[in-house]
There are 2 protein chains.
Amino acid sequence: MEALAEHGIARLSIADVAARAGVNETTVYRRWGSREKLVLDAMLTASDEGIPVPDTGAVRTDLAAFARALAGYLATPLGRSVVRAAALSSDDPVLAESWRTFWQSRLAQAGVIVRRAAERGELPADTDAGLALELLCAPLQTRALLGHRPVEPDLPERLADLVLDGLRDRGQGGGVGLGCS
Amino acid sequence: MEALAEHGIARLSIADVAARAGVNETTVYRRWGSREKLVLDAMLTASDEGIPVPDTGAVRTDLAAFARALAGYLATPLGRSVVRAAALSSDDPVLAESWRTFWQSRLAQAGVIVRRAAERGELPADTDAGLALELLCAPLQTRALLGHRPVEPDLPERLADLVLDGLRDRGQGGGVGLGCS
């Protein structure tokens, strides 16, 4: 992950990784087979550790905790480098494929937040977990990538609320077509 | 915009732009003063033309039309290049400042969607227009930047629905704490 943060995915070399780990290059190849598999495994491990999937007992606090962990990760030099490396590598078919695999694997893990919520009756059973998590995470990723807006301390909670409730204000009866009767 | 798409913001030169336009470099400098101002003006013009702010009479169709136009723009080589150039330039303070100015200017324009909706009583008066549009646009931007998921034809409409209604299914009374009574 240090090599990844320093050089980006496209310029990461197994020789460099082996040297940092104090092992022979062949040892790395024997275990991971290819540079892409090594990068994928490293990214998955780092995000497992850096962005754990919460289980607070309620979907709102689960989503807020997940967004908070992602925001924290993206604020570190490593997290920022990884997401930028992913953005830069999307032209390379092999690296883009690694990134898609990474994303799907993370999504499958984090999707449990939505599935548990559906079991508890907090969300409809047919909720698209992938799109739900993307809606939660994408604003944090674009702020890290594009740097156009700082991440305010309450943004993770606000995003969780928006993803769950939407913009329309039903609580005060101000919305339209609410389906509440 | 051609030069920007070809070279990215950081490597765009006024000499190249002047040559493409068939004018003298000094003409470009006289009119725009700096490379950054030129890029900013070009990006604003391109996005004004490529992603017009709709006025369909209802917030749901306005948001869907805006998301559809953005998705279409990001699917062009130019749109993709511009958003990638922005991601790459966020380390450069001057370019990052241009991007922030661009974003705020676009936001002020597109924010009228939310303000009109508030006037029509479709949204609460205190709706954060910036965050609402970010929630709508960020998934499209991350898919363009990270290439981890293709943009399905119905994604703009689904995003508009999610941003307005959230994940919770109030229509069938399945949600919790809806404030409907």
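A quick note: this is a predicted structure, and the numbers were derived from the prediction, not measured.

Quick look at the relation of the copies chain B and chain A
- Structural alignment of chain B on chain A gives an RMSD of 0.0 Å, achieved by rotating through 180° and translating 0.0 Å along the axis. Taken together, the turn and the small shift mark the pair as related by a two-fold rotation axis. When C-alpha distances to the rotation axis are compared across chain B, the minimum falls at Gly166(B), with a value of 1.9 Å.
- The fraction of interface residues of chain B whose copies in chain A are also interface residues reaches 100%, indicating that both copies meet through the same surface.

Some words on the packing of helix α5 (residues 59–74) of chain B against helix α7 (residues 93–119) of chain B
All names here are of chain B.
- Contact geometry for α5 and α7: axes closest at 9 Å, N-to-C directions at 155°. If you check the angle between α5 and α7, you find them roughly antiparallel. Note on element contacts: α7 touches α5 through Arg106, Ala110, Ile113, Arg116 and Ala117, opposite Val59, Asp62, Leu63 and Phe66.
- When grouped by side-chain class, the residues that make up the contact of α5 with α7 number six nonpolar, no polar and three charged.

Some details on the interface of chain B and chain A
- Each partner contributes to the interface: chain B provides 51 residues, whereas chain A provides 51 residues.
- Taken over both partners, the interface formed by chain B and chain A buries close to 4,800 Å², and the fraction arising from carbon and sulfur atoms is 59%.
- Counting across the interface, chain B meets chain A through eight salt bridges.
- For Arg149(B), the salt bridge goes to Glu134(A), with nearest N and O atoms at 2.8 Å.
- The interface formed by chain B and chain A holds 14 residue pairs in polar contact (both at pLDDT 80 or more) in total.
- Residue assignment for the side of chain B that touches chain A shows that the elements contributing at least two residues are α6 (77–88), α7, α8 (129–146) and α9 (155–165) of chain B.
- Here the side of chain B that touches chain A gets twelve residues from one element, more than from any other, and that element is α8(B).
- Along the lines of polarity and charge, the residues of the side of chain B that touches chain A split into 24 nonpolar, twelve polar and 15 charged.

Analysis parameters
- Residues numbered from 1 in each chain as written.
- Chains lettered and ligands numbered in written order.
- Predicted model: local features only at pLDDT ≥ 70, side-chain atom pairs only at ≥ 80, totals over all residues.
- Heavy atoms only, no water.
- Least-squares fit on C-alpha atoms with pLDDT ≥ 70 in both.
- Contact = heavy atoms within 4.5 Å.
- Axes fitted to C-alpha atoms, helices over the stretch in contact; angles between N-to-C directions.
- Helix = DSSP H or I, 4+ residues; strand = E, 2+ residues; numbered from the N terminus.
- Parallel < 35°, antiparallel > 145°, perpendicular 65-115°, else oblique.
- Nonpolar A, V, L, I, M, F, W, Y, C, P; charged D, E, K, R; others polar.
- Buried area = accessible area lost by both parts, 1.4 Å probe.
- Salt bridge = Lys/Arg side-chain N within 4 Å of Asp/Glu carboxyl O.
- Polar contact = N/O pair within 3.5 Å; in protein donor to acceptor, adjacent residues only side chain to side chain.

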